[in-house]
Amino acid sequence: PQLLSALSAWPEFSTLQVGSAALLEMLSVVQAARERLDCARTRQLLLVQSSAAYADRLAAGVQQCIEHTLKVERKADEALERVATLRADKAAAMPRYAELVARTRAQKAALAAEISRIFGGRTANVMGEIGEAEG
């Protein structure tokens with residue numbers, strides 16, 4: 001709108017002598033209009049307007065992005081569900097694991113005592129350790 005009003009306010013060249021300042025002003029307005037028309041976004045909009053195939057390609061690209069986003073969101077939801085399941089499985093297994101650790105340590109102590117008895121009361125050291133039961 002501003003560009004059109006600026007252009008329509010100019011007098012006809014044939015009826016008026018134009019000074020250099022007015023010419024420079026007109027040139028800057030025309031160059032600004034040309035730059036606005038020559039930008040990549042304007043070219044893309046003109047292609048969309050003039051070519052149904054181009055518009056269809058753009059729509060297909062957008063649809064592909066949407067589908068990819070939905071797929072990634074679905075995979076993220078599945079991963080969160082899997083993590084929750086694994087945490088629940090681990091929590092359910094921890095009492096049994098703690099019991100096995102305690103039994104293994106008791107058997108290790110009993111084995112060390114038996115070896116010590118066999119070797120006449122000398123201290124026996126059974127190598128190796130079982131992991132701690134973590135919550």
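Below is a short write-up of the structure. Owing to the predicted nature of the structure, the values given are computational and were not obtained by experimental measurement.

A short note on the pattern of salt bridges
Then comes step 1: Evaluated as defined, the whole model comprises four salt bridges.
Then comes step 2: With a closest N to O distance of 3.6 Å, Glu 99 and Arg 96 form a salt bridge. Here Arg 96 and Glu 99 lie together in helix H4 (residues 52–118), a separation of three residues that amounts to about one turn.
Then comes step 3: The partly exposed category is assigned to Arg 96, whose relative accessible area is 46%.
Then comes step 4: Notably, a salt bridge pairs Glu 114 with Arg 117, separated by 2.4 Å at the nearest N-O pair. With Glu 114 and Arg 117 both in helix H4, this residue pair falls three residues apart, about one helical turn.
Then comes step 5: What makes Glu 114 partly exposed here is its relative accessible area of 35%.

A short note on a nonpolar patch on the surface
Then comes step 1: On the surface, Val 62, Ile 66 and Leu 70 cluster together into a nonpolar patch covering about 260 Å² of accessible area.
Then comes step 2: Tracing the backbone shows Ile 66 in helix H4.
Then comes step 3: In this structure Ile 66 comes out as partly exposed when scored by relative accessible area, which is 39%.

Things to note about a negative patch on the surface
Then comes step 1: A surface patch of like charges, here negative, comprises Glu 73, Asp 77, Glu 78 and Glu 81.
Then comes step 2: Tracing the chain through its elements places Glu 81 in helix H4.
Then comes step 3: On the basis of relative accessibility, which here comes to 54%, the residue Glu 81 falls in the exposed class.

A few points about H4
Then comes step 1: In a regular helix each residue adds 1.5 Å, so 67 residues correspond to 99 Å; H4 covers 93 Å between its end C-alpha atoms and thus fits that length.
Then comes step 2: At Met 94, H4 shows its maximal bend, which comes to roughly 40 degrees, and the proline Pro 95 appears one to four places after that position.
Then comes step 3: Packed against the buried residues of H4 are helix H3 (40–50).
Then comes step 4: Positive phi shows up at Gly 120, right after H4, with a value of about 70 degrees.

What counts and what doesn't
Residues numbered from 1 in each chain as written. Predicted model: local features only at pLDDT ≥ 70, side-chain atom pairs only at ≥ 80, totals over all residues. Heavy atoms only, no water. Salt bridge = Lys/Arg side-chain N within 4 Å of Asp/Glu carboxyl O. Helix = DSSP H or I, 4+ residues; strand = E, 2+ residues; numbered from the N terminus. Buried < 20%, exposed > 50% of the residue type's maximum accessible area, 1.4 Å probe, protein only. Patch = residues over 30% accessible without salt bridge, like charges linked within 9 Å, V, L, I, M, F, W, Y side chains within 5 Å. Areas by Shrake-Rupley, 256 points an atom, 1.4 Å probe, with all protein chains shown as cover. Lys, Arg positive; Asp, Glu negative; His and termini not counted. Charge placed at Lys NZ, Arg CZ, Asp CG, Glu CD. Expected span 1.5 Å × (residues − 1). Bend = angle between axes of the 7 residues up to and from the residue. Contact = heavy atoms within 4.5 Å.

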